[in-house]
Amino acid sequence: MRFIIKLVITAFVFALILPIIPGIDFHGNFLVAILLAFAFGIFLWLVDLLAVTISAMLTIGSLGLALLWLIPLWIFGFWLLPAVALKWLADFFPGYLTVGSWTAAILGGLLMLLVGIITSNFGKLFPKNEAAA
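Residues numbered from 1 in each chain as written. Predicted model: local features only at pLDDT ≥ 70, side-chain atom pairs only at ≥ 80, totals over all residues. Heavy atoms only, no water.

**Q** Residues and numbers for the nonpolar core, please.
**A** Residues Phe-14, Leu-18, Ile-24, Leu-86, Leu-89, Leu-97 and Val-99 are the most contacted members of the largest nonpolar core, which totals 30 residues. Elements supplying a minimum of two residues to this core: helix H1 (2-17), strand E1 (24-26), helix H2 (30-61), helix H4 (81-92), strand E2 (97-99) and helix H5 (102-120). The dominant element in this core, judged by the number of residues it contributes, is H2, at nine residues. (Core = buried A, V, L, I, M, F, W, Y, C linked by side-chain atoms within 4.5 Å. Buried < 20%, exposed > 50% of the residue type's maximum accessible area, 1.4 Å probe, protein only. Helix = DSSP H or I, 4+ residues; strand = E, 2+ residues; numbered from the N terminus.)

**Q** Lay out the packing of H1 against H5 in plain terms, naming residues and giving numbers.
**A** The angle between the axes and the distance between the axes are what describe a pair of packed helices. As a packed pair, H1 and H5 sit with axes 10 Å apart at the nearest point and diverge in direction by 155°. On the basis of the axis angle, H1 is roughly antiparallel to H5. Where H1 crosses over H5, the two elements pack in a sense that is right-handed. Contacts between H1 and H5 pair Lys-6, Ile-9, Thr-10, Val-13, Phe-14 and Ile-17 from the former with Leu-111, Met-112, Val-115, Thr-119 and Ser-120 from the latter. Residue composition of the contact of H1 with H5, by class: seven nonpolar, three polar and one charged. (Axes fitted to C-alpha atoms, helices over the stretch in contact; angles between N-to-C directions. Parallel < 35°, antiparallel > 145°, perpendicular 65-115°, else oblique. Left-handed = near helix turned anticlockwise from the far one by under 90°. Contact = heavy atoms within 4.5 Å. Nonpolar A, V, L, I, M, F, W, Y, C, P; charged D, E, K, R; others polar.)

See below:
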């Protein structure tokens, strides 16, 4: 239930709110927005996995010295990961989503990050029913 609500809210953002940002265009109906929202979750997971893998390889390869610049990079750069995922999604689905510049991708990524933060607290609003499981 929570997954479906998060997916619908993210699709709503794709269909109605992201096109307000100059440089981002959405072409399609709400079903396409739901598919893009699902694909965005997968792409964001892949971008996060790639960033963590590169960080781990650099940390192991430098015997921990890379942490001196990786930790500040993660603290100040975590908000760029949704922008990369959004730009990557637009590159894979150019018929449905276009992102014209990195500035638009960063603004859209910040919006998607905010939506993710808000919808991550839905577990408190819709608790699992253990009796039904």
